[in-house]
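# Breakdown of the fold
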Amino acid sequence: MGKITICLAIALVSAMVQAKELVVTVNGKEFKLDCTMINHEIKETDRDKGGQESVMACFFMYFDFLAKGNIQEASKLSTNPAKTVGSLTKLQENTGPEEFKKLMGKYFYENHIVLAEIIFEGDTMLVIRKPGGFVAQLYQKVDGKFFMANKAASGTVLGEVLNQLQTGKIKL
């Protein structure tokens, strides 16, 4: 019985989300950011986990709408719906409606992993490793709900974190 308890305890500890601090330098100034490691492989079943109660749930809902070609509903999950509709409509026109859906649906089918949430000055950057590199999206919490941010006050610092991830200067 004792061995089973120890094994369960080890499994519980290893399954816990890991938090750490990241330090990044931008224009000679050092910034400290909170980083929560997630390491969640995105699967088709995550499409059903959408909502606005967390950054990941908002991400899932946003891309589920886009994978269905529903730009209007996805834009409601943005801090600037009009700008989101404009940029996504332009992309859809350039790719074609069916290719647009495939492109957005890739998050659920092509080995994409949510690596971490990085928080700085009230903004959260969700870092995703996809085949060939990293991408990130910014989120803000408004009235208890998360929204994809088109622009964030901390965007320069978070953008530098993404740049350093892409160049290998920061490892998660």
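Residues numbered from 1 in each chain as written. Predicted model: local features only at pLDDT ≥ 70, side-chain atom pairs only at ≥ 80, totals over all residues. Heavy atoms only, no water.

## Side note on the pairing of strand β4 (residues 123–130)
With six of eight residues buried, β4 is to be regarded as a mostly interior element. As paired elements, strand β3 (residues 113–120) and β4 share seven bridges and run antiparallel to each other. Considered in β4, the bridge of F120 is made with D123. Looking at chain direction, β4 and strand β5 (residues 133–142) are connected through eight bridges and run antiparallel. Bridging across to β5, V127 finds its partner in A136. Between β4 and the antiparallel strand that follows it, β5, lie two residues; G132 among them carries a positive phi value of about 95°. (Buried < 20%, exposed > 50% of the residue type's maximum accessible area, 1.4 Å probe, protein only. Helix = DSSP H or I, 4+ residues; strand = E, 2+ residues; numbered from the N terminus. Pairing = 2+ DSSP bridges.)

## Some remarks on the sheet that holds β5
Pairing within the open sheet is antiparallel, and its six strands lie in the order β1-β2-β3-β4-β5-β6. Each having just a single partner strand, β1 (18–26) and β6 (145–148) make up the two edges of the open sheet. The sheet shows a mean angle of 35° between the axes of neighbouring strands, taken without regard to direction. Packed on one face of the sheet, helix α2 (residues 55–67) meets β2 (29–41), β3, β4, β5 and β6 and runs near 110° to β5. (Axes fitted to C-alpha atoms, helices over the stretch in contact; angles between N-to-C directions. Contact = heavy atoms within 4.5 Å.)

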